[in-house]
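Spelled out from the first residue to the last, the chains are:
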Amino acid sequence: MFSMFSPVMKFILLLIASVFFSSANAAVGKNESDGEYMQVTQLVKEYQQALNEGNGAAVRELYTADGTFVGQGFPTAQGSDDIVALYTDFLSKLDFNIQFDIKELKLGEEYGFLRTASHGTIVPKGVTPSKQEGNREVFLLKKVTGHWKFYYYIFNSEVK
């Protein structure tokens, strides 16, 4: 049954499984007062700020150098340069006013899993927002020199 998944999906499934099943002590017992949880919360706030301010260059520090962006309606971007170019392009065309809510967070020694829901408005530049929208996001996190960063970012529109 596992063979029906694409290589990227297999990698993602294996990564998620490794977070949950390796290093049980690190993945269990995280709470909101934990320094690593706060670090990831700050990462999400910085990401939200970069989008809302239209700062595509700011995302470079939020992703790993080999990070991957997979978003509904966007081409896949891999690596810092491609990711920054993609963000710079769409942020030059769209105005964001969104907020991310953390729904689930699991951290292992090197990798983590973050699930969020976002809500707000994303409209073409100069257009007045007429309605709220939402997305569902999954971030696979990777610890790089002691700091959590986005390794894979995957999202799609919320289904109502």
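Values in this document were obtained by computation on a predicted structure and should not be read as measured data.

## Brief notes about the pattern of salt bridges
- Applying the stated criterion to the full structure yields 6 salt bridges.
- Across the pair Asp66 and Lys142 runs a salt bridge whose closest N-O atoms are separated by 3.8 Å. Pair noted here: Asp66 is in strand 1 (residues 63–71) and Lys142 is in strand 5 (residues 133–144), with a separation of 76 residues, a long-range link.
- Of the charged contacts in the structure, one is a salt bridge between Lys125 and Asp95, with a shortest N-O distance of 2.9 Å. A residue pair is termed long-range when its members are at least 10 positions apart, and Lys125 in the loop between strand 4 (111–124) and strand 5 and Asp95 in strand 3 (residues 94–107) qualify at 30 residues.
- The exposure class of Asp95 is partly exposed, given its relative accessible area of 31%.

## A closer look at the nonpolar core
- One finds Tyr47, Leu51, Phe69, Tyr87, Leu141 and Tyr153 to be the most contacted residues of the largest nonpolar core, which totals 30 residues.
- At the level of elements, helix 3 (35–53), strand 1, helix 4 (80–93), strand 3, strand 5 and strand 6 (147–157) are the ones that each hand at least two residues to this core.
- Here this core gets 7 residues from one element, more than from any other, and that element is helix 3.

## What about the packing of aromatic side chains?
- Under the defined criterion, the tally for this structure stands at 22 aromatic pairs.
- With centroids separated by 5.9 Å and ring planes inclined at 40 degrees, the aromatic side chains of Phe90 and Phe96 adopt a geometry described as tilted. As far as the burial class goes, Phe90 and Phe96 line up, both buried.
- Three or more aromatic residues link up through ring pairs in this structure, and these residues are Tyr47, Tyr63, Phe69, Phe74, Tyr87, Phe90, Phe96, Phe100, Phe139, Phe150, Tyr153 and Phe155.

## Quick word on the side chain of Thr116
- Assignment of secondary structure puts Thr116 in strand 4.
- In terms of polar contacts, Thr116 uses its side chain to reach the side chain of Glu137, at 2.5 Å.
- Thr116 has contacts with Phe100, Asp101, Ile102, Lys103, Asn135, Arg136, Glu137 and Phe139, leaving out every residue within four places of it along the chain.

## Things to note about the sheet that holds strand 6
- With mixed pairing, the 6 strands of this open sheet are ordered in space as 2-1-6-5-4-3. One side of each edge strand has no neighbouring strand; the edge strands of this open sheet are strand 2 (77–78) and strand 3.
- Where strand 1 and strand 2 come together, 2 bridges link them in antiparallel fashion. Across the sheet, residue Phe69 finds its bridge partner in strand 2, namely Ala77.
- Lying on the sheet, helix 3 is in contact with strand 3, strand 4, strand 5 and strand 6; it crosses strand 3 at an angle near 165 degrees.
- In this fold helix 4 packs onto strand 1, strand 2, strand 3, strand 4 and strand 6, with an angle of close to 50 degrees to the strand it touches most, strand 1.

How each quantity is defined
Residues numbered from 1 in each chain as written. Predicted model: local features only at pLDDT ≥ 70, side-chain atom pairs only at ≥ 80, totals over all residues. Heavy atoms only, no water. Salt bridge = Lys/Arg side-chain N within 4 Å of Asp/Glu carboxyl O. Helix = DSSP H or I, 4+ residues; strand = E, 2+ residues; numbered from the N terminus. Buried < 20%, exposed > 50% of the residue type's maximum accessible area, 1.4 Å probe, protein only. Core = buried A, V, L, I, M, F, W, Y, C linked by side-chain atoms within 4.5 Å. Phe/Tyr/Trp six-rings, centres within 6.5 Å; stacked < 30°, edge-to-face > 60°. Polar contact = N/O pair within 3.5 Å; in protein donor to acceptor, adjacent residues only side chain to side chain. Contact = heavy atoms within 4.5 Å. Pairing = 2+ DSSP bridges. Axes fitted to C-alpha atoms, helices over the stretch in contact; angles between N-to-C directions.

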